[in-house]
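Examining the three-dimensional arrangement
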Amino acid sequence: MNFNKVEFERSFGTSAQLPASTLPEIAFAGRSNVGKSSLLNTLFNRKGLAKVSQTPGKTATINFFLTDKARFVDLPGYGYAKVSKSERMRWAELIEGYFNQDRNFALVCSLVDIRHPASALDENMVSFLREAELPFLIVLTKGDKLSKGKCLQQRAAIKRQLELGDDVPMVITSSLKKSGMDDLRREIAKSIQ
Ligand SMILES: Nc1nc2c(ncn2[C@@H]2O[C@H](COP(=O)(O)OP(=O)(O)OP(=O)(O)O)[C@@H](O)[C@H]2O)c(=O)[nH]1
Ligand SMILES: [Mg+2]
């Protein structure tokens, strides 16, 4: 898997528009503003690849990015209260519509902000991934906001809260400091072998 070569492929506003899955897919899910788009940019070392914003709710479509061996999928964030109900319903349709399709799910990166306990929606996401038996890992984002010791404490707390077994990898990342990327790249590469 070559992380130096990636291109934006297409955006989709409804799940019905999604083309059939022709490559393994690596999806990024998590609440709005958790850092999904930033993580993609850092993973590929390409600043403007995915659009980032300080305002939650930036990614309102499903975005496909193409690499040599896999498609990377930037999903809209869940849990952002300050948009209209109809817009929230559209996002939910996109996220659920994506996961309900028969696709080649190689790995779902479930992002959780390391500073806080997982939200109820994060808990739902993880329960869903477990029940659907999808391969997933937890990416703890914004590691630069806490000390090393506090990061490890939070990782243990979130692991307990989400009742994760030792088989679920947990990677601490920072898009600001560009840390944790080698661990994440290794897990991604493993998932598409
Ligand atoms: N300090 C710090 N800030 C981060 C990190 N990752 C993302 N951010 C900031 O968090 C905000 C949201 O980042 P995005 O990458 O747009 O988040 P997203 O999950 O794609 O958000 P939606 O598209 O709204 O779902 C931006 O202001 C980023 O600069 C990180 O590792 N450290
Ligand atoms: Mg985004």
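Refer to the structure presented above.
Parameters at a glance
- Residue numbers here run from 1 along each chain, matching the order of that chain's written sequence.
- As a convention, the first chain written is A and the first ligand written is 1, with the rest following in written order.
- The predicted origin of the model limits local features to residues at a pLDDT of at least 70 and limits the giving and counting of side-chain atom pairs to 80 or more, whereas totals for whole chains, interfaces and linings rest on all residues.
- Each side-chain value is worked out from all heavy atoms of the structure, with water and hydrogens disregarded.
- Starting at the N terminus, helices and strands are each numbered in turn, a helix being any DSSP run of H or I of at least four residues and a strand any DSSP run of E of at least two.
- The buried label applies to any residue whose accessible area, calculated with a 1.4 Å probe on protein chains only, is under 20% of its type's maximum; exposed applies above 50%, and partly exposed to all values in between.
- We call two residues in contact when some of their heavy atoms are within 4.5 Å.
- Using a 1.4 Å probe, the Shrake-Rupley method yields the accessible areas, and only the shown protein chains count as cover for residues.
- Charge counting follows a simple rule: Lys and Arg are positive, Asp and Glu are negative, and His as well as the terminal groups are ignored.
- To locate a charge, take atom NZ for lysine, CZ for arginine, CG for aspartate or CD for glutamate.
- By convention a nonpolar core is built from buried Ala, Val, Leu, Ile, Met, Phe, Trp, Tyr and Cys residues, the set being connected through side-chain atoms within 4.5 Å.
- A helix is expected to reach a length of 1.5 Å times the quantity of its residues less one.
- The arc in question is traced by the directions running from the helix axis to the C-beta atoms.
- Think of a polar contact as two N or O atoms within 3.5 Å of one another; within protein, one of them needs to be a possible hydrogen donor and the other a possible acceptor, and neighboring residues in sequence only count if both atoms come from side chains.
- Pairing between two strands requires that DSSP report at least two bridges joining them.
- Only C-alpha atoms enter the line fits that serve as axes; for helices the fit covers just the stretch in contact. Angles between N-to-C directions range over 0 to 180 degrees.
- Salt bridges are defined as contacts in which a side-chain nitrogen from Lys or Arg sits within 4 Å of a carboxyl oxygen from Asp or Glu.

Looking now at the overall build of the chain. Across its full length, the chain carries 5 helices and 7 strands. N-terminal to C-terminal, the α/β element order of the chain is β-β-α-β-β-α-β-α-β-α-β-α. Referenced to the eigenvectors of the C-alpha coordinate spread, the extents of the chain come out at roughly 45 × 40 × 35 Å. Within the chain, the fraction of its 193 residues that count as buried is 46%. For the chain, long-range pairs separated by at least 24 residues make up 73% of all intrachain contacts whose partners lie at least 6 apart in sequence. Accessible surface computed for the chain: about 9,800 Å², of which carbon and sulfur atoms make up 49%. One finds the centroid of the 29 positive side-chain charges in the chain at a distance of 8 Å from the centroid of its 21 negative side-chain charges.

In terms of nonpolar packing, the biggest core is built from 31 residues, with Ile62, Leu75, Tyr98, Phe99, Phe136, Ile138 and Leu164 touching the most fellow members. Counting only elements with at least two residues in this core, the list comes to β2 (25-30), β3 (62-66), α2 (85-100), β5 (105-113), α3 (120-131), β6 (136-141) and α4 (148-161). By residue number, the principal contributor to this core is α2, which donates 4 residues. Ignoring anything within four residues of it in the chain, the contact list for Leu164 reads Val126, Arg130, Phe136, Ile138, Lys159 and Met170. In terms of nonpolar packing, the next biggest core, distinct from the first, is built from 25 residues, Val6, Ile26, Leu40 and Leu184 among them.

Turning next to α4. Between its first and last C-alpha, α4 extends 20 Å over 14 residues, near the 20 Å set by a 1.5 Å rise per residue. Residues Cys151, Gln154 and Ile158 constitute the buried set of α4. Relative to the axis of α4, the buried residues are bounded by an arc of 65° and lie together on one face. Contacts made by the buried residues of α4 are with β5, β6 and β7 (170-172). After α4 finishes, the residue Glu163 shows a positive phi value of roughly 50°.

This next bit is on the environment of Ser11. With respect to the helices and strands, Ser11 occurs in strand β1 (residues 7-12). Among the residues examined, Ser11 registers a relative accessible area of 34% and is labelled partly exposed. Sequence spacing of Ser11 and Ser174 is 163 residues, and the spatial spacing of their C-alpha atoms is 26 Å. Discounting residues that sit within four places of it in the chain, Ser11 has contacts with Thr61, Ile62 and Asn63. Only 2.4 Å separates the side chain of Ser11 from the side chain of Asn63, close enough to count as a polar contact.

Let us look at the sheet that holds β1. Strand order across the open sheet formed by 7 strands is β1-β3-β4-β2-β5-β6-β7, with mixed pairing between neighbours. Of all the strands in the sheet, the pair left with one neighbour each is β1 and β7. Averaged over all neighbouring strand pairs, the angle between strand axes comes to 25°, with direction disregarded. When β5 meets β6, the two strands line up parallel, connected through 6 bridges. Paired with Val112 across the bridge in β6 is Leu140. Relative to the sheet, helix α5 (residues 181-191) contacts β2, β4 (71-74), β5, β6 and β7, its axis offset from that of β5 by approximately 155°.

All right, on to the side chain of Arg71 then. Note that Arg71 resides in strand β4. A distance of 2.8 Å separates polar atoms of two side chains, one belonging to Arg71 and the other to Thr22.

Bringing the pattern of salt bridges into the picture now. Under the definition given, this model contains 7 salt bridges. Note that Glu187 and Lys190 form a salt bridge whose closest N and O atoms lie 3.5 Å from each other. Of the two residues, Glu187 and Lys190 both sit in helix α5, 3 residues apart, roughly one turn of that helix.

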